Amino acid sequence: MRKSKLFIILLLLATSFKMVAQDEEGPGGSQVESLRVGIYTRVMHLNADEAAKFWPLYNEMQSEIQKQKTIQKGIRQKVRENYFTISDEELSKCIDDAFDCDQKILDAKRKYFKEFAKAIPLKKVALIPKADREFQQEILKRMGQMRDGGGGQ
């Protein structure tokens, strides 16, 4: 019983860090974030203290990454909309800019992984990629269920 109360508190704490971004996420954003928190917490074996340190850093990292992905989306849109008229020089710049965004994403991950290691045990930090994969697999599974008419969880 004590563990379930701790998990609920942990879940509420972690999701509260994402409340600011909910307006941008649209419908289902809260459910997605709750799912993310649950999976990461389970896979990484985060206790309440670790979660309180981890989630603000994780959300900062995601914010930096999202900025770069938004820029990349704009680059792709520019290329797509101007595909038949864009000059080779402009296209080369778009490609370079997209690579710069990729590098900034990688730099942000490296920076925050170092910060995670200061906040939680390194062995738990090493589980982040596994948590990422499990989260992505669960999202794909649920999307498939929705597409197939299951709609439920």
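Here the structure is shown first, and the text comes after it.
Just so it is clear, the model here is predicted, and its values are computed rather than measured. (Residues numbered from 1 in each chain as written. Predicted model: local features only at pLDDT ≥ 70, side-chain atom pairs only at ≥ 80, totals over all residues. Heavy atoms only, no water.)

Novice: Even after reading the chapter, I still don't get the side chain of Lys124, so can you show me in this structure?
Specialist: The residue Lys124 is located in helix 6 (residues 122-125) in this model. Ignoring any residue separated from it by four or fewer positions in sequence, one finds Lys124 in contact with Met44, His45, Leu46, Asn47 and Glu50. (Helix = DSSP H or I, 4+ residues; strand = E, 2+ residues; numbered from the N terminus. Contact = heavy atoms within 4.5 Å.)

Novice: In this structure, what is going on with the packing of aromatic side chains? I would like to understand it.
Specialist: Summed over all chains, the structure comprises nine aromatic pairs. With a centroid separation of 6.4 Å and an interplanar angle of 70°, the aromatic rings of Tyr40 and Phe135 are classed as edge-to-face. With Tyr40 in helix 3 (residues 29-44) and Phe135 in helix 7 (residues 128-147), this pair connects stretches of sequence that are 95 residues apart. Residue Tyr40 shares its accessibility class with Phe135, and that shared class is buried. Taking the centre distance of 4.9 Å and the plane angle of 80° together, the rings of Phe54 and Trp55 count as edge-to-face. (Phe/Tyr/Trp six-rings, centres within 6.5 Å; stacked < 30°, edge-to-face > 60°. Buried < 20%, exposed > 50% of the residue type's maximum accessible area, 1.4 Å probe, protein only.)

Novice: Would you take a moment to explain the packing of helix 3 against helix 7 for this structure?
Specialist: A packed helix pair is summarised by two numbers, namely the angle formed by the two axes and the spacing between the axes. Contact pair helix 3 / helix 7: the axes reach a minimum separation of 9 Å and the direction vectors enclose 140°. It follows that helix 3 is oblique to helix 7 by the angle criterion. Relative to helix 7, the crossing made by helix 3 is right-handed. Residues Val32, Leu35, Arg36, Ile39, Tyr40, Arg42, Val43 and Met44 of helix 3 form the contact with helix 7, whose own contacting residues are Ile128, Lys130, Ala131, Asp132, Glu134, Phe135, Glu138, Ile139 and Arg142. Split into classes, the residues belonging to the contact of helix 3 with helix 7 amount to ten nonpolar, no polar and seven charged. (Axes fitted to C-alpha atoms, helices over the stretch in contact; angles between N-to-C directions. Parallel < 35°, antiparallel > 145°, perpendicular 65-115°, else oblique. Left-handed = near helix turned anticlockwise from the far one by under 90°. Nonpolar A, V, L, I, M, F, W, Y, C, P; charged D, E, K, R; others polar.)

Novice: I keep staring at helix 7 and nothing clicks. Help me out?
Specialist: Owing to its 3.6 residues per turn, the α-helix brings residues three or four apart onto one side. For helix 7, with 20 residues, the first-to-last C-alpha span of 28 Å sits near the 28 Å given by 1.5 Å per residue. Among the residues making up helix 7, those that are buried are Ile128, Ala131, Phe135, Glu138 and Gly144. Buried residues along helix 7 sit in contact with helix 3, helix 4 (48-81), helix 5 (88-119) and helix 6. Gly149 occupies a position one or two residues after helix 7 and carries a positive phi of about 95°. (Expected span 1.5 Å × (residues − 1).)

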